[in-house]
Amino acid sequence: AFQQGQYAEAQTAFADMGAYADAEDYVLRCRYEGAKQQLVEGTQESLNQAAETFRALGDYEDSTAQAQEADYQRGKLLLADGDSEGASELFTALNGYRDSEEQLKACAYLDASRLLEQERYAEAQTAFEALGDYGDAAEQATRCRYLMARQAMDAGEYDEAIALYEACGAYQDAEDGAMQARYARAAAWFDAQEYDAAAKAFAELGSY
């Protein structure tokens, strides 16, 4: 049974033999090889069972490393399913195993993307900026600033819109957006009869 890979059946048989010959060692081998089978199967359930078995085996063979691999693969599956919180917990516990640090960034990127989808632009910007040069996080942070600039423009908050558009650099039409915001601010001053401020602002706009 052991040679044919029927480890659960073999484990039961060896366990029934007590201390006969090397039956006790075979019990450990059956548990180890069975867990490796579950690792190859690669489902959430099988990986969870494999991780538990490897941890229970302690320092038998390379059980510690195999438990980490099972948790790593579980984290990858959770991340693929959109469960960034569950995946993040596993990758954090792995403490640098393989590329778990990069996988943590992937979790954070997914969280930031969700904030962006929810139009929580300020929070999303902060989250993307925290990722540094990971993927296109820097561009996504700029996108958040651009969208906040448009919101500020629509709300008549022209100073904020100008600052945000300028922070976007050459992103999309941000430069033109900043000019539009300056023009709208000058027009607002004119409507409010603040003619000195309006005249100076219009003059700075040149031929716009």
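The rules behind each value
Residues numbered from 1 in each chain as written. Predicted model: local features only at pLDDT ≥ 70, side-chain atom pairs only at ≥ 80, totals over all residues. Heavy atoms only, no water. Helix = DSSP H or I, 4+ residues; strand = E, 2+ residues; numbered from the N terminus. Buried < 20%, exposed > 50% of the residue type's maximum accessible area, 1.4 Å probe, protein only. Contact = heavy atoms within 4.5 Å. Areas by Shrake-Rupley, 256 points an atom, 1.4 Å probe, with all protein chains shown as cover. Lys, Arg positive; Asp, Glu negative; His and termini not counted. Charge placed at Lys NZ, Arg CZ, Asp CG, Glu CD. 1 Å grid on protein atoms, 1.4 Å probe; cavity = no way out; pocket = protein on both sides within 12 Å on 5 of 7 lines; lining within 4 Å. Points joined across faces, edges and corners; volume = space filled by probe spheres on them. Nonpolar A, V, L, I, M, F, W, Y, C, P; charged D, E, K, R; others polar. Phe/Tyr/Trp six-rings, centres within 6.5 Å; stacked < 30°, edge-to-face > 60°. Expected span 1.5 Å × (residues − 1). Disulfide = S-S within 2.5 Å. Axes fitted to C-alpha atoms, helices over the stretch in contact; angles between N-to-C directions. Parallel < 35°, antiparallel > 145°, perpendicular 65-115°, else oblique. Left-handed = near helix turned anticlockwise from the far one by under 90°.

Novice: Any chance you could break down the overall build of the protein for me, citing the residues and the numbers?
Specialist: Assigned secondary structure in the protein consists of eleven helices and zero strands. Listing every helix and strand of the protein by position from the N terminus yields α-α-α-α-α-α-α-α-α-α-α. Principal-axis analysis of the C-alpha atoms places the extent of the protein at approximately 100 × 20 × 20 Å. Looking at the protein residue by residue over its 208 residues, the buried ones come to 39%. Excluding contacts between residues fewer than 6 apart, the proportion of contacts in the protein whose partners are at least 24 apart in sequence is 41%. Put simply, the protein shows about 12,000 Å² of open surface, and 46% of that area lies on carbon and sulfur atoms. Put simply, the protein has 16 plus and 41 minus side-chain charges, and the middle of one group is 2 Å from the middle of the other.

Novice: Which residues make up empty space enclosed by the protein, and what values do they have?
Specialist: Within this structure, the stated rule accounts for one cavity of 30 Å³ or more. Forming the walls of the largest cavity are Arg-182, Arg-185, Ala-201, Glu-204 and Leu-205. The set of elements that each furnish at least two residues to the lining of the largest cavity consists of α10 (174-191) and α11 (195-204). Taken together, the residues of the lining of the largest cavity sort by class into two nonpolar, no polar and three charged.

Novice: Requested: an account of the packing of aromatic side chains, with residues and values cited.
Specialist: The description of an aromatic ring pair rests on the distance of the ring centres and on the angle between the ring planes. Applying the stated criterion across every chain, the model contains 14 aromatic pairs. Ring geometry for Phe-2 versus Tyr-7: centroids 5.4 Å apart, planes at 70 degrees, classification edge-to-face. For the pair Phe-2 and Tyr-7, one class covers both residues: buried. Taken together, Phe-2, Tyr-7, Phe-14 and Tyr-26 form an aromatic cluster joined through their ring pairs.

Novice: Any chance you could break down helix α8 (residues 137-154) for me, citing the residues and the numbers?
Specialist: Spanning 18 residues, α8 covers 26 Å between terminal C-alpha atoms, matching the ideal 26 Å at 1.5 Å per step. Among the residues trailing α8, Gly-156 stands out with phi positive, at a value near 75 degrees.

Novice: I'd like a description of the state of the cysteines, backed by residues and values.
Specialist: If you walk through the whole model with that rule in mind, you get zero disulfides. Among the cysteines around Cys-107, which has no disulfide bond, Cys-144 carries the closest sulfur, lying 19 Å off. Counting only cysteine sulfurs, Cys-144 is the nearest neighbor of Cys-168, a cysteine outside any disulfide, at a range of 9.6 Å. The class for Cys-168 is buried, based on a relative accessible area of 7%.

Novice: Quick one: what's the story with the packing of α8 against helix α9 (residues 158-167), residue by residue and with numbers?
Specialist: Running from N to C, α8 and α9 cross one another at 160 degrees; their axes reach a closest spacing of 8 Å. With respect to α9, the element α8 is oriented roughly antiparallel. Every pair of crossing elements has a handedness; the one defined by α8 and α9 is left-handed. Taking contact as the criterion, the partners of Arg-145, Tyr-146, Met-148, Ala-149, Arg-150, Ala-152 and Met-153 in α8 are, on α9, Tyr-158, Glu-160, Ala-161, Leu-164, Tyr-165 and Ala-167. Here the contact of α8 with α9 is built from residues that sort into ten nonpolar, no polar and three charged.

Novice: If you had to explain unusual backbone geometry to someone new, which residues and values would you point to?
Specialist: Generally, phi is negative for residues other than glycine and the peptide bonds are trans, each holding for most cases. Located in the positive-phi region is Ala-21, a residue other than glycine, with phi close to 45 degrees. Structurally, Ala-21 is set in the loop between α1 (7-16) and α2 (23-41). Relative accessible area serves as the criterion here: at 65%, Ala-21 is assigned to the exposed category.

Novice: Please set out the packing of α2 against helix α3 (residues 44-56) residue by residue, giving values where relevant.
Specialist: Where α2 meets α3, the axes come as close as 8 Å, and the angle between the chain directions of the two elements is 150 degrees. Overall, the two elements α2 and α3 adopt an arrangement that is roughly antiparallel. As for how α2 packs across α3, the hand of that crossing is left-handed. Across the interface between the two elements, Arg-31, Tyr-32, Ala-35, Lys-36, Gln-38, Leu-39 and Glu-41 from α2 touch Ser-46, Leu-47, Gln-49, Ala-50, Thr-53, Phe-54 and Ala-56 from α3. Looking at the contact of α2 with α3 residue by residue, the class counts come to seven nonpolar, four polar and three charged.

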